[in-house]
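For reference, the chains in residue letters:
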Amino acid sequence: MFAAFFLIIACVLYRLATGTVAAGADWLPNFAPIGALALCGAAFLPRRWAIALPLAAIFISDLVLNVWFGLALLDGGMLFRYAALGMVAWLGWSLRDRRSFATLLPASVAGSLLFYVLSNTSAWLMLPAYSKTLAGWVQANWLGLPGFPPAYLFLRNTLVSDLLFTSVFLLCMAWSARAQRPEADARLYQSA
């Protein structure tokens, strides 16, 4: 499980680096390993750490980024975001016994869509700039607010980044398992 812990640390460091260095980059909104971290952490980490550790890592990185940008440490939208991440983690947890590209990549897409809709719905509910109508909800989920990148770019980047980081996580875990297999085979032959 060392590989899974290392990947979580790498994801948080990536998020912090891109959140601070690439701030304001229009081509990079929401390109982060957050969904993949919640999904794969719950699928691969030992049961006692599976959900709590990835969500704690994301929460700590949120606090650091909020301090960096001079935002409130906690805001009302965090409840929706963490509810969505909790659901994504639950999805990863439910796939623990069937971890593969064939199960986790579709789960990554579902998690991206879930996170996107819940986080944009929270913006629709909490920001007075959106009318509290179906048209306002569609605006929050598709166009966003004037002066900001369109909301659909967040969806695109969330989907691409979640699929990319989930794939990287799966490849690293497969490589780690393969690298450990010869040691297990050698111990098996030594005990015979």
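Residues numbered from 1 in each chain as written. Predicted model: local features only at pLDDT ≥ 70, side-chain atom pairs only at ≥ 80, totals over all residues. Heavy atoms only, no water.

The next thing to look at is the overall build of the chain. From N to C terminus, the chain includes 7 helices and 0 strands. Ordered by position from N to C terminus, the α and β elements of the chain give α-α-α-α-α-α-α. Taking as baseline every contact in the chain between residues at least 6 positions apart, the subset at least 24 positions apart corresponds to 68%. Surface accessibility of the chain: about 10700 Å² in total, with carbon and sulfur atoms responsible for 73%. (Helix = DSSP H or I, 4+ residues; strand = E, 2+ residues; numbered from the N terminus. Contact = heavy atoms within 4.5 Å. Areas by Shrake-Rupley, 256 points an atom, 1.4 Å probe, with all protein chains shown as cover.)

The next thing to look at is the packing of aromatic side chains. Evaluation of the coordinates by the stated rule reveals 5 aromatic pairs. Between Phe 59 and Tyr 82, the ring centres sit 5.9 Å apart and the planes meet at 70°, which makes this aromatic pair edge-to-face. On the criterion of sequence distance, the pair formed by Phe 59 in helix 3 (residues 52–68) and Tyr 82 in helix 4 (residues 77–94) is long-range, its members being 23 residues apart. For Tyr 82, a relative accessible area of 17% translates into the label buried. Ring-pair connections join several aromatic residues into one group, and the members of that group are Tyr 14, Phe 31 and Phe 165. (Phe/Tyr/Trp six-rings, centres within 6.5 Å; stacked < 30°, edge-to-face > 60°. Buried < 20%, exposed > 50% of the residue type's maximum accessible area, 1.4 Å probe, protein only.)

Moving on to the environment of Leu 155. Among the structural elements, Leu 155 can be located in helix 7 (residues 151–191). Overall, Leu 155 belongs to the buried group, its relative accessible area being 17%. The spatial distance from the C-alpha of Leu 155 to the C-alpha of Asn 30 is 7.9 Å, given a sequence separation of 125 residues. Ignoring sequence-local partners within four residues, the contact set of Leu 155 consists of Leu 113 and Tyr 116.

Under the defined criterion, the tally for this structure stands at 1 salt bridge. The shortest N-O distance in the salt bridge between Arg 81 and Asp 75 comes to 3.4 Å. Under the relative-accessibility criterion, Arg 81 is labelled partly exposed at 24%. Judged by relative accessible area, Asp 75 falls into the partly exposed class, the value being 39%. (Salt bridge = Lys/Arg side-chain N within 4 Å of Asp/Glu carboxyl O.)

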